[in-house]
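# Analysis of the macromolecular model
Residue-level listing of the chains:
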Amino acid sequence: MKKIFKFLGISLGALLGLVLIAVTTLNVKSLPNYQQAFPVEKIDVKLTPQRISNGAEISAVLCNHCHGDKGKLEGKWVITEEPFGEIYAPNITQDETFGIGAYSDGELYRLLRTGIKKDGSLAVPMMMRFPTAAEEDLYSIIAYLRSDAKAVQASQKEIPAYEAPFLAKLIFNLALKPLPLPKKTIPKPQRSDKGYGQYLANSLYACYDCHSSSFESNDFVTPENSVGFLGGGNPIAVGDMEAVISPNLTMHESEGIGSWTSEEFLAAVKYGKKPDGSNLAYPMLPYTFLDSSDIFAIHDYLKTVPILPKGENLASLE
């Protein structure tokens, strides 16, 4: 019997030793690098007025909340989130040292598609990835970032380098991976196309990212597979703001927007006004520049989404 206990003790000690070695190795190991696995495509984006204008609109919807500070997209602290620690939105102005001025068009394209930065590491936070957006819309974002717009002019604001806690390193090394590059060119649908509203809501403006159950369970490649797809319930906070719960965008009559008319949905998106006259909660802003036909197209698409009750995460903050 003593031999058995001795054997078990030695085995357990060896196992604990291996675990300790693994933990120590991972704790000092750098985050994974994907430079070789995802080579940069040679892309030369032409700065046309149409692209710059389109890129400015997309940026106003997607970039300004987190990257905007004092009128420039120079980055700022966003949130402290377990297990990822301190999260900052990076400086995406044209500064070559502190911003993205040293990026080539191909490197920016890769970043927008996959989440891989110039140095081959994954960007944190990882929300700004567009694996199914049309080529032309990504070129428009790049054109805007290269433009003479005040918001993207070089800023020397230095954003702290991301320091990954142990659990974050574990997740990045074992679970979180870059998104795939498309195997063929993705065309932008026409306004008259049946799938136009779905494209805007999912591929371009990524409404599901905030309006599904949680960021962690969102599916960038197939948004409809996100847990609680467009049913809301995700606590949203930027900086020091108090967390707000993302609303349910499905057509549930009492807990979603099923009772809203198209004109009321337009007023909410375009002017920030709900049907009862109250204002939408920040970080949702009035998007007065969006074309009304685009907003109606999104509303038409939302009518086709499976109806869900109130988001699961809401109860935790009530």
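First, a word on scope: everything that follows refers to the structure included in this document.

Reading the values: rules and limits
- Counting restarts for each chain, with residues numbered from 1 along the sequence as it is written.
- Under the rules for a predicted model, residues below a pLDDT of 70 receive no local features and side-chain atom pairs below 80 are neither given nor counted, while totals for whole chains, interfaces and linings still include all residues.
- Water and hydrogen atoms were dropped before computing side-chain values, which therefore reflect all heavy atoms in the structure.
- A 1.4 Å probe that fits into a set of points on a 1 Å grid over the protein atoms alone but cannot get out defines a cavity; an open set with protein on both sides within 12 Å along at least five of seven lines defines a pocket, and lining residues are those with an atom within 4 Å of a point.
- Grid points are joined across faces, edges and corners, and a volume is the space filled by probe spheres set on the points.
- Pairing between strands requires that DSSP locate at least two bridges from one strand to the other.
- A helix here means a DSSP run of H or I that spans at least four residues, while a strand means a run of E at least two residues long, and both kinds are numbered starting from the N terminus.
- For each residue, the accessible area found with a 1.4 Å probe, counting protein chains only, is set against the maximum for its type, and the residue is called buried under 20%, exposed over 50%, and partly exposed in between.

## Side note on empty space enclosed by the protein
Left-over empty space is what a probe sized like a water molecule reveals as it rolls over the atoms. Within this structure, the stated rule accounts for 2 cavities of 30 Å³ or more. In this model, the largest cavity occupies a volume close to 50 Å³. In this structure, the largest cavity is lined by Met-127, Arg-129, Phe-130, Pro-131, Thr-132, Asn-202, Ser-203, Ala-206, Tyr-208 and Phe-220. In this structure, the second largest cavity encloses a volume near 30 Å³.

## Notes on the pairing of strand β2 (residues 85-89)
Here 5 bridges tie strand β1 (residues 76-81) to β2, and the two strands are oriented antiparallel to one another. Residue pairing across strands places Lys-76 opposite Ala-89, the latter belonging to β2. Between β1 and the antiparallel strand that follows it, β2, lie 3 residues.

## Quick notes on unusual backbone geometry
Cis rather than trans, the peptide bond between Tyr-282 and Pro-283 has omega equal to 20 degrees. Along the polypeptide, Pro-283 turns up in the loop between α9 (262-271) and α10 (292-302). In the Ramachandran plot, Lys-70 falls in the positive-phi region, its phi being about 60 degrees despite a non-glycine side chain. Secondary-structure assignment places Lys-70 in the loop between α3 (64-67) and β1. Judged by its relative accessible area of 78%, Lys-70 is exposed.

Nothing here speaks to function; it is geometry throughout.
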